[in-house]
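# What the coordinates show
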Amino acid sequence: METENPVKSLATRSMLESFDMKEQTTEYQKEKKDTNQKQLNGVVETSLQEQLSSSYRDILEGLGEDPTRAGLLKTPQRAAKALMFFTKGYRENMSGSKLDLLEILNDAIFDEDHDEMVIVKDIEMFSMCEHHMVPFMGKVSIGYLPNKRVLGLSKLARIVEVFSRRLQVQERLTKQIAVALTEAIQPAGVGVVIEATHMCMVMRGVQKINSKTVTSTMLGVFREDPKTREEFLSLIR
Ligand SMILES: [Zn+2]
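Residues numbered from 1 in each chain as written. Predicted model: local features only at pLDDT ≥ 70, side-chain atom pairs only at ≥ 80, totals over all residues.

An unreviewed UniProt entry annotates the protein as GTP cyclohydrolase 1 of Magallana gigas. The UniProt entry for the protein carries this comment under Catalytic activity (unreviewed entry): "GTP + H2O = 7,8-dihydroneopterin 3'-triphosphate + formate + H(+)". (UniProt positions renumbered as here; feature names shortened; annotations may be inferred.)

Dropping the structure here:
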């Protein structure tokens, strides 16, 4: 019968302990890094807000307004905060570090032997046209055919949020959503349709109040197979 070598077992234990400590240190360092990043983000946010406020004060003066009158006193700050919200997709993240969409989606990717089409339709979308910096808003419908992996349903809305809360054109937004979903779960195919109203068309120029702009991106089997595409389009109708 072989007795346990005390030296060996000690060595193993101390290796295990140091490994454990290393794990803890890494965890601690990660937390510290996240806290530092959050503080840094806070500083960046505050200075961005001050910068935007000052620009909005100039805009008010440029319009011939008096930024010191009671009603407008806090308008620059409020407008700056609103603009930051409308463009939070540039800075948005969950952990406090710089946006990594895959990191955001990672915890909601599931292995699933489901091979039927998944569709979430009429996701509300608010964005800003990059040509006029006025809003465009509407609805996004997303469909995909899984290939061993599915994405938590709420994350589809999250993808829409991240890409719509920034200066956009509807065509690019549509494509970015489809590509992000493809990169996250490599499905057999993806279809994205956006129907939106653009304030730059409604409020100025031609004033086409009831006009809607529809854009679509079809990837994989949604592009190659007319039957799959038809099924998707009829289900979101
Ligand atoms: Zn526009």
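### Here's the deal with the pairing of strand β2 (residues 118–129)
Bridging between β2 and strand β3 (residues 135–145) involves 9 bridges; their strand directions are antiparallel. Across the sheet, residue Glu124 finds its bridge partner in β3, namely Lys139. Two elements, β2 and strand β5 (residues 167–168), share 2 bridges in a ladder whose sense is parallel. Following the sheet pairing, Met128 is matched in β5 by Leu167. (Pairing = 2+ DSSP bridges. Helix = DSSP H or I, 4+ residues; strand = E, 2+ residues; numbered from the N terminus.)

### Section: the sheet that holds β2
Whether parallel or antiparallel, the strands of a sheet pair through hydrogen bonds between backbone atoms. A sheet is described by the order of its strands in space; here 5 strands give the open sequence β5-β2-β3-β6-β7, paired in mixed fashion. Single-partner strands in this sheet number two, and they are β5 and β7 (213–220). Sheet strands touched by helix α8 (residues 226–235): β2, β3, β6 (189–198) and β7. Its angle to β6, the strand with the most contacts, is close to 40°. (Contact = placed C-beta atoms within 7 Å. Axes fitted to C-alpha atoms, helices over the stretch in contact; angles between N-to-C directions.)

### Regarding the nonpolar core
Residues Ile159, Ile177, Leu181 and Val192 are the most contacted members of the largest nonpolar core, which totals 29 residues. Elements with a minimum of two residues in this core: β3, α4 (153–164), α5 (170–185), β6 and α7 (221–224). If one sorts the elements of this core by residue count, α5 sits on top with 7 residues. (Core = buried A, V, L, I, M, F, W, Y, C linked by C-beta atoms within 7 Å. Buried ≥ 20, exposed ≤ 12 C-beta atoms within 10 Å, placed from the backbone.)

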